[in-house]
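Observations on the model geometry
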Amino acid sequence: GSVWRLTSWPAAFVKVDHRAASASAQIDIALPAGFTEFELRFTGVRPATDGASLLLRTSTDGGGTFSATAGDYSFTNEFSRPATNDVQSATASSPSSISLAVGADTGNPTVTVSGVARIWIGDGTRLPLVRVESGALEDAVSALTMQRVVGVRNNATAINAIRLFMSSGNISMGTFRLYGVR
């Protein structure tokens, strides 16, 4: 009654991969066994093509192939630019990928996108799920943008690899760190 006992430790993050992009068509990352969820931290990501968005696809064969057909994913997102009270939301029920971050303008070298994606791999009965919070900061605070996304792969087979790429062109620059959660 008067003593608290810790029966389990809080989640521990184990760094499992680190990639730097430089004119990269895509970044493929295998998800190591022993984890049911991962946290992907992406920092300073910039597209080589104006307005391109950072996207994610999943694999169930270790990265041999990635689900890329319309209808493989579903997601809903909210995009906002607080300084201008511009709020938009959308639901995509048959895309071929999940949007992780809004597009950025390559013409301005200070525009980058950063964020965190939490990835649950699924278990054969529950759909793999991705929850993302990302933001872009241009050279003026009035251009600060934020995006929240919740997406699923429309097949309950557990995923074991992810592919990150731009909706158009290459990933000009950025850092991707993947942590396993225990």
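Residues numbered from 1 in each chain as written. Predicted model: local features only at pLDDT ≥ 70, side-chain atom pairs only at ≥ 80, totals over all residues. Heavy atoms only, no water.

1. Here's the deal with the overall build of the chain
The number of helices and strands found in the chain is zero helices and twelve strands. For the chain, the proportion of its 182 residues judged to be buried stands at 43%. For the chain, restricting intrachain contacts to residue pairs at least 6 apart in sequence, the fraction spanning at least 24 positions comes to 75%. Surface accessibility of the chain: about 9200 Å² in total, with carbon and sulfur atoms responsible for 51%. (Helix = DSSP H or I, 4+ residues; strand = E, 2+ residues; numbered from the N terminus. Buried < 20%, exposed > 50% of the residue type's maximum accessible area, 1.4 Å probe, protein only. Contact = heavy atoms within 4.5 Å. Areas by Shrake-Rupley, 256 points an atom, 1.4 Å probe, with all protein chains shown as cover.)

2. Overview of the confidence of the model for the chain
Across the chain, pLDDT averages 85, with 82% of residues at or above 70. Strand β6 (residues 86-92) is the least confidently modelled element of the chain, averaging 73 in pLDDT, while strand β2 (residues 26-30) averages 97, the highest of any element. (pLDDT = per-residue confidence, 0-100.)

3. Digging into the side chain of Thr58
Relative to the assigned elements, Thr58 resides in strand β4 (residues 54-59). Among the polar contacts listed, one links the side chain of Thr58 to the side chain of Arg153, at a separation of 2.9 Å. When near neighbours in sequence (up to four residues on either side) are disregarded, Thr58 contacts Thr65, Phe66, Ser67, Tyr73, Arg153, Ile159 and Ala161. (Polar contact = N/O pair within 3.5 Å; in protein donor to acceptor, adjacent residues only side chain to side chain.)

4. Considerations on the environment of Val111
By the secondary structure assignment, Val111 is in the loop between β7 (98-101) and β8 (112-120). Accessibility expressed as a relative area gives 1% for Val111, which makes it buried. Between the C-alpha atoms of Val111 and Val45, which are 66 residues apart in sequence, the distance is 8.7 Å.

5. What to know about the sheet that holds β4
Pairing between sheet strands relies on hydrogen bonds along the backbone, with the strands arranged either parallel or antiparallel. One open sheet accounts for four strands, arranged β2-β11-β4-β7; its pairing is antiparallel. One side of each edge strand has no neighbouring strand; the edge strands of this open sheet are β2 and β7. When strand polarity is set aside, the average angle formed by the axes of neighbouring strands in this sheet is 25 degrees. Examined bridge by bridge, β2 and strand β11 (residues 161-166) share five bridges and lie antiparallel to one another. Its bridge partner being in β11, Ile27 is matched across the sheet by Leu164. (Pairing = 2+ DSSP bridges. Axes fitted to C-alpha atoms, helices over the stretch in contact; angles between N-to-C directions.)

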